[in-house]
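# Observations on the three-dimensional arrangement
Single-letter residue listing:
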Amino acid sequence: MTSELIDFTLVSVALLGIGIYGLAVKRNFIRMLFAVEIIINAANLNIVAFGRFLPHSGGQTMALFSIAIAAAEVAVGLSLIIVAYRMYQNVDIADFRSLKG
Amino acid sequence: MADAVFLALTVITIGSAIAALEMRSLIYGSIALMGTLGGIAGFFFLLDAPFVALFQIAVYVGSIAVLILFTVMLVKRELIFKKIEDKRRKFAGIGLMLIIMVSLGAVFLDSGIKTITTDEPAPNFRDIGIDFVTYYWPALILMGLILAGSVTGSLVLARREDVENDQRAN
C-alpha cells in the first residue's frame, strides 16, 4: 500500500465540500438526499482509513454500522419524498413550507 | 501502480459526485451517484478492507442506488429535468465549498497525519466478526431493531390512505 493516510483524508474533505455545496445550493429534495449520501460516504472513507492506519478493527466495524444506519435513513427519506410529492405534486423544498411549525 | 489506481479512483469518485449534483436529468444523476459509491468501495479495497468494500457494493450500489432510481422514476417527467436553483445562491455555495475544502485541507496538511504510516497487517474480517459478537453485541441488536423500525415506518408513511383495500385488490 503506497497511498498515505493524508491522501484518503483529502479525498474525503473534497467529498464533504461537494456534499455541503449540494445541500446549500440545491432545492430539489432528491438531489439534497444525494448530497447527504455523499457526505456519509466521505465520513465512512475517513473512518476506514484511520482504522487501517492505527491499525484497529474498530474502524471497519464502525463503518459497517454506519452503512447499515445510512440504509435505514435512505429508506425513510425516500418514503418522505414520496409522501411530500403526493401532497404537493412537486419536489421543490420551497413548496414544503407548510411543514414549518 | 497503486498510486495510479488511487488517482483513477479519485477522479471517478469526485467527478461522479459533481455529476450527480449537476447533471440535468435526475436519472443520470442517480447513475452518477452509483459511480461515487462504487469509487468509495474501490478506496475500501485499497485500504485492505475487502469485507467493508463488498458490503458497500451490496448495500449502497446494489440496493440504495436502485431504490433512489425507482423513486426518481415515480416523479413527474418535467420535474426530473427541471433545475431549481438561483445564480447568487450557487456562487455562495461554491464559495462555501471552497472555504471548507481549503480550511479543512490546510488543517489536515498542517497536522501530524502526514507522518502516520503503518507496516502492520490490516485487521481482517475475523477480527470484525469477533468485535460484532463480543464488544458490540448490544449495538448490533439495536441496529437490527432500528432497521426493522425504519422499514416499517417508511412502509406506513408511503401507504395511501385514500385508496380502499378493495380498490387495491383491483
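Nothing here was measured: the structure is a model prediction, and the numbers come from that model. (Residues numbered from 1 in each chain as written. Chains lettered and ligands numbered in written order. Predicted model: local features only at pLDDT ≥ 70, side-chain atom pairs only at ≥ 80, totals over all residues.)

## Brief notes about the overall build of chain B
Counting its regular elements, chain B contains eight helices and zero strands. Counted from the first residue to the last, chain B has its helices and strands arranged as α-α-α-α-α-α-α-α. Relative to its length of 170 residues, chain B is extended, with a C-alpha radius of gyration of 21 Å against a globular reference of 15 Å. Once the C-alpha set of chain B is aligned to its principal axes, its extents read approximately 65 × 50 × 30 Å. Looking at chain B as a whole, 22% of its 170 residues are labelled buried. Counted over contacts in chain B with a minimum sequence separation of 6, partners at least 24 positions apart contribute 52%. (Helix = DSSP H or I, 4+ residues; strand = E, 2+ residues; numbered from the N terminus. Rg over C-alpha atoms; globule rule 2.2 N^0.38 Å. Buried ≥ 20, exposed ≤ 12 C-beta atoms within 10 Å, placed from the backbone. Contact = placed C-beta atoms within 7 Å.)

## Quick word on the UniProt feature "transmembrane region" (unreviewed entry) in chain A
All names here are of chain A. What UniProt calls "transmembrane region" (unreviewed entry) maps, in this numbering, to residues 6-25, 32-51 and 63-88. Segment residues 6-25 splits into 100% helix and 0% strand. End C-alpha atoms: 28 Å apart. End C-alpha atoms of residues 32-51 are separated by 29 Å, and the span's content is 100% helix alongside 0% strand. (UniProt positions renumbered as here; feature names shortened; annotations may be inferred.)

## Let's talk about the nonpolar core
Formed by 60 residues in total, the largest nonpolar core has its most connected members in V48 of chain A together with F44 of chain B. Those elements that place two or more of their residues in this core are α1 (5-25), α2 (29-53) and α3 (58-88) of chain A together with α1 (2-22), α2 (26-46) and α3 (50-74) of chain B. (Core = buried A, V, L, I, M, F, W, Y, C linked by C-beta atoms within 7 Å.)

## Concerning the domain arrangement of chain B
Domain assignment breaks chain B into domain 1 (1-91) and domain 2 (123-170). A straight line from the C-alpha centre of domain 1 of chain B to that of domain 2 of chain B covers 24 Å. (Domains from an automatic or database assignment.)

## Remarks on the interface of chain B and chain A
Each partner contributes to the interface: chain B provides 74 residues, whereas chain A provides 65 residues. Where the side of chain B that touches chain A is concerned, the elements lending two or more residues are α1, α2, α3, α5 (87-110), α6 (125-133) and α7 (137-158) of chain B. Tallying contributions element by element places α3 of chain B first for the side of chain B that touches chain A, with 13 residues. Grouping the constituent residues of the side of chain B that touches chain A by class yields 51 nonpolar, 14 polar and nine charged. (Nonpolar A, V, L, I, M, F, W, Y, C, P; charged D, E, K, R; others polar.)

## Looking at α2 of chain A
The terminal C-alpha atoms of α2 of chain A lie 37 Å apart, and with 25 residues this matches the ideal 36 Å at 1.5 Å per residue to within 8%. The element α2 of chain A is extensively covered by neighbouring structure, given that 22 of its 25 residues are classed as buried. (Expected span 1.5 Å × (residues − 1).)

## A short note on the environment of F125 of chain B
Of note, F125 of chain B is situated in helix α6. Once the C-alpha coordinates of F125 of chain B and D86 of chain B are considered, the two residues, 39 residues apart in sequence, prove to be 48 Å apart.

## Some remarks on the packing of α3 of chain A against α6 of chain B
Interaxial distance between α3 of chain A and α6 of chain B falls to 9 Å at its minimum, and their mutual angle equals 65°. As for how α3 of chain A packs across α6 of chain B, the hand of that crossing is right-handed. From α3 of chain A, G58, Q60 and T61 of chain A reach across to α6 of chain B, where they touch I128, D131 and F132 of chain B. (Axes fitted to C-alpha atoms, helices over the stretch in contact; angles between N-to-C directions. Left-handed = near helix turned anticlockwise from the far one by under 90°.)

## Concerning unusual backbone geometry
Residue and element names in this part refer to chain A. Cis rather than trans, the peptide bond between L54 and P55 has omega equal to -25°. Residue placement: P55 occurs in the loop between α2 and α3. Even without being a glycine, Q89 presents a positive backbone phi close to 55°. By C-beta crowding, Q89 is classed as exposed, having 11 other C-beta atoms within 10 Å.

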